[in-house]
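Descriptive analysis of the structure
Letter by letter, the chains look like this.
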Amino acid sequence: MNHLNAAPPSLNEKSGLDQADAFPGAATEGAPRHDWTLECARALIDLPFMDLMHRAQSVHRLSFNPNEVQMSTLLSIKTGGCQEDCGYCSQSSKFDTGLKATKLMDSETVVALAGEAKQRGASRYCMGAAWRAPKERDMDALCAMIEGVKGAGLETCMTLGMLTAAQARRLNAAGLDYYNHNIDTSEDFYGEIITTRTYQDRLDTLHHVREAGINVCCGGILGLGESRDDRISMLVTLANLPQHPESVPINRLAPMAGTPLENARPVSDLDFVRTIALARLMMPRAVVRLSAGRETMSDEMQALCFLAGANSIFVGEKLLTTSNPDEDKDAALFASLGLTPSDPSPKDLP
Ligand code: SAM
Ligand code: DTB
Ligand code: SF4
């Protein structure tokens, strides 16, 4: 028999899994599932690259317009001097990164900067503070920022570290739309990166945010020295939460001088794209954000990430302490790919 005409081995033969198990979306048309196993997720991420991309793009199109990408702007409202020891972070006081610590910005300045970001096309304003957790004395100022930024016509997002249930309720009452709190990596690998707070602490904060009625933004970082199984396990944890995060940021480590991960082995481009595709398949209606690391990615690499199902980015010259692609460069990328900025919300499925 001509081998070119031979039927390819089915996924069932390769993985021993049922088609419906291994191909979520095939049977359920992109409906969210919460019963993921490592084996099942592994069978997807290990597919031949072309099959994985086709699958991810097909599931993406069930819920989203593939030519629309959401844009957020990030502002560091309190930089550096953080007590935590996250091994990737320039803002930890445990490492000598040469970063100058600042106090919390006043809310008027934040609101003015948000207005400028809106003029440049951002639809969501994300405010980040280098804290283990917000102090009670800062809550009034944080709420004033939320109210002011919303008043300027932008969606609001904050990332402030751990929250209590009461703090989450207060931020919700002030009008906070999203809270970002990442699990960063797998539960097994987590202890290699951070020792000052536990995986369970992170899950507890996510629970408080969800219970308060704020949209959850939660993802992680690739390139910390983790294995492919660690990446899969991180996505299994996220996809098996009672409700999928509305937003899933996937960061590529921006190596910071002076941190323990300064010389970590980078994740390959294709492994990064495979992970984006897996996030899209496992959380079909979440907005997947191509976050830190875009500055070192080619246009072609970013196009592959969008093809794999990423549909959100940060725009603006800076992330928190690192730089981001020039806005002109992003505008040219959008033009060459025929992408338009948008605020994608999953289409109503039949
Ligand atoms: N301090 C708060 C916290 O950790 O929850 C909020 C800010 S923190 C910088 C938000 C997230 O940014 C981290 O959880 C991590 O996933 C990501 N991040 C921080 N430094 C990074 C780096 N050098 N490269 C890539 N992602 C990074
Ligand atoms: C997220 O997942 N990525 C953003 C946001 N959440 C707060 C932060 C990226 C930080 C990159 C390193 C820096 O600029 O310091
Ligand atoms: Fe602090 Fe957040 Fe950086 Fe960790 S990631 S050191 S908590 S600012």
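Residues numbered from 1 in each chain as written. Chains lettered and ligands numbered in written order. Predicted model: local features only at pLDDT ≥ 70, side-chain atom pairs only at ≥ 80, totals over all residues. Heavy atoms only, no water.

**Focus: the pattern of salt bridges**
For the structure shown, the criterion picks out 16 salt bridges. With a closest N to O distance of 2.9 Å, Arg 42 and Asp 229 form a salt bridge. On the criterion of sequence distance, the pair formed by Arg 42 in helix H3 (residues 38-45) and Asp 229 in helix H10 (residues 228-239) is long-range, its members being 187 residues apart. A salt bridge links Glu 226 to Arg 231; its shortest N-O distance comes to 2.8 Å. Across the pair, Arg 231 and Glu 226 agree in class, each one buried. Through salt bridges with shared partners, one network takes in Asp 46, Glu 226, Arg 228, Arg 231 and Asp 271. (Salt bridge = Lys/Arg side-chain N within 4 Å of Asp/Glu carboxyl O. Helix = DSSP H or I, 4+ residues; strand = E, 2+ residues; numbered from the N terminus. Buried < 20%, exposed > 50% of the residue type's maximum accessible area, 1.4 Å probe, protein only.)

**Focus on the nonpolar core**
If you look at the biggest cluster of nonpolar residues, it comprises 90 residues, and the most contacted ones within it are Leu 171 and Phe 272. Broken down by element, the residue count for this core peaks at eight residues, all from helix H11 (residues 269-282). With seven residues, the next largest nonpolar core counts Cys 126, Cys 157, Phe 314 and Leu 319 among its residues. (Core = buried A, V, L, I, M, F, W, Y, C linked by side-chain atoms within 4.5 Å.)

**Focus: the site of ligand 1**
Ligand 1 sits among 17 residues. The nearest are Thr 159, Asn 182, Asp 184, Arg 197 and Ala 254. Between ligand 1 and Trp 131 there is a distance of 3.4 Å, counted from a nitrogen atom to a backbone nitrogen or oxygen. Between ligand 1 and Arg 197 there is a distance of 3.1 Å, counted from an oxygen atom to a side-chain nitrogen or oxygen. Taken by itself ligand 1 offers 560 Å² of open surface, and the protein chains cover 90% of this. Residues of the shell around ligand 1, tallied by class, amount to nine nonpolar, five polar and three charged. (Near = heavy atom within 4 Å. Polar contact = N/O pair within 3.5 Å; in protein donor to acceptor, adjacent residues only side chain to side chain. Areas by Shrake-Rupley, 256 points an atom, 1.4 Å probe, with all protein chains shown as cover. Nonpolar A, V, L, I, M, F, W, Y, C, P; charged D, E, K, R; others polar.)

**Thoughts on the packing of aromatic side chains**
Geometrically, a pair of aromatic rings is defined through the distance of the ring centres and the angle of the planes. A complete count under the given rule lists one aromatic pair for this structure. Aromatic side chains Tyr 190 and Tyr 199 sit 5.3 Å apart centroid to centroid with 75° between the ring planes, which places their arrangement in the edge-to-face category. Of the two residues examined, Tyr 190 and Tyr 199, each falls in the buried class. The ring of Phe 272 is capped by Arg 252, whose NZ or CZ atom sits 5.5 Å from the centre of that ring. (Phe/Tyr/Trp six-rings, centres within 6.5 Å; stacked < 30°, edge-to-face > 60°. Lys NZ or Arg CZ within 6 Å of the ring centre and 35° of its normal.)

**What to know about unusual backbone geometry**
For Asp 184, which is not glycine, the phi dihedral falls at a positive 70°. Position of Asp 184 relative to the elements: it lies in the loop between strand S4 (178-180) and helix H8 (187-190).

**Considering the pairing of strand S3 (residues 155-159)**
Extensive coverage of S3 is indicated by the burial of four of its five residues. Two elements, strand S2 (residues 124-129) and S3, share five bridges in a ladder whose sense is parallel. When the sheet's bridge partners are listed, Tyr 125 is paired in S3 with Thr 156. Pairing analysis gives two bridges linking S3 to S4, with the strands arranged parallel. Among the inter-strand pairings, Met 158 is bridged to a residue of S4, identified as Tyr 179. Taking the sense of rotation as the criterion, the β-α-β connection linking S3, helix H7 (residues 165-174) and S4 turns out right-handed. (Pairing = 2+ DSSP bridges. Right-handed = clockwise from strand over helix to strand, strands pointing away.)

**What about H11?**
Here H11 spans 20 Å end to end across 14 residues, near enough to the 20 Å set by a 1.5 Å rise per residue. Among the 14 residues of H11, 11 are classified as buried, and the element is accordingly described as predominantly covered. Turning to H11, its buried residues are Phe 272, Val 273, Arg 274, Thr 275, Ile 276, Ala 277, Leu 278, Ala 279, Arg 280, Leu 281 and Met 282. (Expected span 1.5 Å × (residues − 1).)

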